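Observations on the three-dimensional arrangement
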Amino acid sequence: GDSVTQMEGPVTLSEEAFLTINCTYTATGYPSLFWYVQYPGEGLQLLLKATKADDKGSNKGFEATYRKETTSFHLEKGSVQVSDSAVYFCALSDSSSASKIIFGSGTRLSIRP
Amino acid sequence: GAVVSQHPSRVICKSGTSVKIECRSLDFQATTMFWYRQFPKQSLMLMATSNEGSKATYEQGVEKDKFLINHASLTLSTLTVTSAHPEDSSFYICSAPPKGERSYNEQFFGPGTRLTVL
């Protein structure tokens, strides 16, 4: 079945550092890809998404490009802030059912002032 | 954005007792809600789909008699863990796409409920 593998954390960076969180997927069809973020004490929020190959999702300075050839959807940000500290989940919509979202294991990001 | 709440945020119970977790959509209606379970350092795993006015749909391997789901209204779904055991200890998360959302890609998540069974 479809699956998502993402970089294990925790990841600790200094403020203004460059961020990459790797995510690769396995899918039989053409899923949509997502990054969700969970801030401390809050529910998961959709950060960005891409629905087809070569699409780039972007939000709040974060970007991720749907790479079909490498089955990847890596999350990047050029200059992180303390407020970016959270858990980030890569996810895809199941090829067989648009209602099902399959999540990666999550990556905890901590940013030092 | 839309808000989904869960109650309680954490609960500790004795083995053999039942625990009810509520999921509410606060500012939108949801004919469908999803229940997930998350073990430490693992993915969220979909347990079941809660449907307003009809029976829930359970994922393979999830015991429907153990995890009772009731979608009482367009803003409330409940998950009852019956005869809980220590292995049921986990983080339970619900989500809901707004009514009328076709692909369910835009789901709104609750903050989760931490269940500890002693």
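Below is a short write-up of the structure. Only a predicted model underlies this, so the values are computations on that prediction, with no experimental measurement involved. (Residues numbered from 1 in each chain as written. Chains lettered and ligands numbered in written order. Predicted model: local features only at pLDDT ≥ 70, side-chain atom pairs only at ≥ 80, totals over all residues. Heavy atoms only, no water.)

**Some words on the environment of A:Pro113**
Residue and element names in this part refer to chain A. Note the following rule: For helices the rule is a DSSP run of H or I covering at least 4 residues; for strands it is a run of E covering at least 2, with both sets numbered from the N terminus onward. Remark: exposure states derive from per-residue accessible area (1.4 Å probe, protein chains only) relative to the maximum for the residue type, with buried under 20%, exposed over 50%, and partly exposed in between. Whether two residues are in contact is decided by their heavy atoms: any pair within 4.5 Å suffices.
Looking at where Pro113 falls in the secondary structure, it is placed in the segment after β12 (107-112). Residue classification places Pro113 among the exposed positions, given a relative accessible area of 86%. Separated by 32 residues in sequence, Pro113 and Gln81 have C-alpha atoms that sit 7.9 Å apart. The residues contacting Pro113, other than those within four sequence positions of it, are Glu15 and Val82.

**Some remarks on the pattern of salt bridges**
Should their charged atoms come close, side chains of opposite charge can pair. All names here are of chain A. What counts here: Within this document, salt bridges are pairs made up of a side-chain nitrogen of Lys or Arg and a carboxyl oxygen of Asp or Glu, the two lying within 4 Å of each other.
According to the stated counting rule, one finds 5 salt bridges over all chains in the structure shown. Between Glu63 and Lys56 there is a salt bridge, with the nearest N and O atoms lying 3.6 Å from each other. For Glu63, a relative accessible area of 34% gives the class partly exposed. With a relative accessible area of 51%, Lys56 lands in the exposed category. The partner of Lys77 in a salt bridge is Asp84, with the nearest N and O atoms 2.8 Å apart. Across the pair, exposure class does not vary: Lys77 and Asp84 are buried alike.

**Considering unusual backbone geometry**
All names here are of chain A. Pro10 follows Gly9 through a cis peptide bond whose omega is -5°. With respect to the secondary-structure elements, Pro10 resides in the loop between β1 (3-6) and β2 (11-14). Within the chain, Asp54 stands out as a residue other than glycine whose phi angle is a positive 75°. Structurally, Asp54 can be placed in the loop between β6 (45-50) and β7 (56-59).

**Some points on the state of the cysteines**
Simply put, the disulfide is a covalent bond whose two ends are the sulfur atoms of two cysteines. This is how the line gets drawn: A pair of cysteine sulfur atoms is labelled a disulfide when the two atoms are within 2.5 Å.
Under the defined criterion, the tally for this structure stands at 2 disulfides over all chains. For A:Cys23, the disulfide goes to A:Cys90, at an S-S distance of 1.9 Å. Disulfide A:Cys23-A:Cys90: torsion about the S-S bond near -70°, hence left-handed. With A:Cys23 in strand β4 (residues 23-26) and A:Cys90 in strand β10 (residues 86-93), this pair connects stretches of sequence that are 67 residues apart. The pair formed by A:Cys23 and A:Cys90 is uniform in burial state, with each residue classed as buried. In this model B:Cys23 forms its disulfide with B:Cys94; the gap between the sulfur atoms is 2.0 Å. Between B:Cys23 and B:Cys94, the disulfide has an S-S torsion of 80° and is therefore right-handed. Remark: B:Cys94 occurs in strand β9 (residues 90-96) and B:Cys23 occurs in strand β3 (residues 19-25); sequence separation between them is 71 residues.

**Remarks on the sheet that holds strand β1 (residues 4-7) of chain B**
Residues and elements named next belong to chain B. Put simply, the test is: In this analysis, strands are considered paired if DSSP registers two or more bridges between them. Only C-alpha atoms enter the line fits that serve as axes; for helices the fit covers just the stretch in contact. Angles between N-to-C directions range over 0 to 180 degrees.
Spatially, β1-β3-β8-β7 is the arrangement adopted by the 4 strands of the open sheet, whose pairing is antiparallel. In the strand order of this sheet, the two ends are held by β1 and β7 (67-73), each with one partner. Neighbour-to-neighbour, the strand axes of the sheet open up by a mean angle of 15°, direction not taken into account.

**Side note on the packing of aromatic side chains**
Cut-off, in case you're wondering: A pair of Phe, Tyr and Trp rings is counted when the ring centres sit within 6.5 Å of each other, with Trp represented by its six-membered ring. The angle between the planes then sorts it: under 30 degrees is stacked, over 60 is edge-to-face, the rest tilted.
Inspection of the entire model under this criterion finds 11 aromatic pairs over all chains. On the basis of an interplanar angle of 80° and a centroid distance of 6.0 Å, the ring pair of A:Tyr25 and A:Tyr66 is categorised as edge-to-face. Pair noted here: A:Tyr25 is in strand β4 and A:Tyr66 is in the loop between β8 (62-65) and β9 (75-77), with a separation of 41 residues, a long-range link. For the pair shown, A:Tyr25 and A:Tyr66 are each scored as buried. An aromatic cluster is present here, built from A:Phe34, A:Tyr36, A:Phe89, A:Phe103, B:Tyr36 and B:Phe109 joined pairwise through their rings.

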